[in-house]
Amino acid sequence: MLKFYLKEHRYQHDPEPKYYFQTNDGPAEAIRILNTCLSVMLYLLKRNPLASGGFIGTLKPEEGENATNGQRFRIYSQLARDFFPPERWEHQHSPETNAYLLLNKAALGHYPDLLQQAQLMFQALYPDFSNALSDTLRPVVPPIRIG
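Residues numbered from 1 in each chain as written. Predicted model: local features only at pLDDT ≥ 70, side-chain atom pairs only at ≥ 80, totals over all residues. Heavy atoms only, no water.

Caption draft 1: Broad picture of the overall build of the protein. Within the protein, the regular secondary structure consists of five helices and four strands. In the protein, which comprises 147 residues, the proportion classed as buried is 34%. A fraction of 55% describes how many contacts in the protein between residues 6 or more apart in sequence connect residues 24 or more apart. As displayed, the protein has an accessible area near 9700 Å², and 56% of this comes from carbon and sulfur atoms. (Helix = DSSP H or I, 4+ residues; strand = E, 2+ residues; numbered from the N terminus. Buried < 20%, exposed > 50% of the residue type's maximum accessible area, 1.4 Å probe, protein only. Contact = heavy atoms within 4.5 Å. Areas by Shrake-Rupley, 256 points an atom, 1.4 Å probe, with all protein chains shown as cover.)

Caption draft 2: Quick look at the nonpolar core. Core analysis: the largest hydrophobic core is formed by eleven residues, namely L38, L45, A51, F55, F73, A80, F84, W89, Y100, L102 and V140. Elements represented by at least two residues in this core include exactly α1 (27-47), α2 (71-83) and β3 (99-104). With residues near it in sequence (within four places) discarded, L102 still touches M41, S52, G53, G54, A80, F84, W89, E90 and H91. Grouped together as the second largest cluster of nonpolar side chains are ten residues, I56, L101, A118 and F122 included. (Core = buried A, V, L, I, M, F, W, Y, C linked by side-chain atoms within 4.5 Å.)

Caption draft 3: Structural detail: the pairing of β3. Summarising burial for β3: six of the six residues are buried, a large majority. Of the two faces of β3, the one lined by A99, L101 and L103 and the one lined by Y100, L102 and N104 are each fully buried. Two strands pair when backbone bridges link them, and strand β1 (residues 53-56) and β3 are joined in this way by four bridges, in the antiparallel orientation. In the sheet register, F55 faces β3, and the bridge partner there is Y100. Examined bridge by bridge, strand β2 (residues 89-94) and β3 share six bridges and lie antiparallel to one another. (Pairing = 2+ DSSP bridges.)

Without other data, these values stay purely geometric and don't point to any function.
Below is the structure:
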């Protein structure tokens with residue numbers, strides 16, 4: 001599970017609020033951050049070809065505490081679909097909880113209960129919405145392309 005926050009918030013004692021902040025440095029900074037996250041994921045995959053992962057698209061303060069399908073979730077979900085092809089990855093998501101799982105299909109052959117293990121990992125990391133996740137997590141339906 002990759003978690004990202006601004007360097008200036010690294011000593012913040014309350015663990016969750018530091019994930020809400022965003023840079024105000026424009027799109028170039030956001031692209032740099034997203035590239036760093038993708039690089040880390042690819043590095044981990046190189047070290048462990050059976051690695052799987054996931055993310056929470058933390059809500060921005062102006063989206064409200066109970067918002068679903070937040071902006072960060074939508075952006076990260078699009079990146080996951082673009083960079084992790086369905087031939088190699090099973091995509092599971094829960095827009096209601098802004099959660100997304102990427103299950104390595106090679107790992108599913110070795111660990112048939114990988115989805116349940118991933119849900120347990122989410123529950124350990126995010127106990128506030130663990131029940132909602134297990135009730136709402138479902139496969140991502142790829143868009144139909146016509147023409």
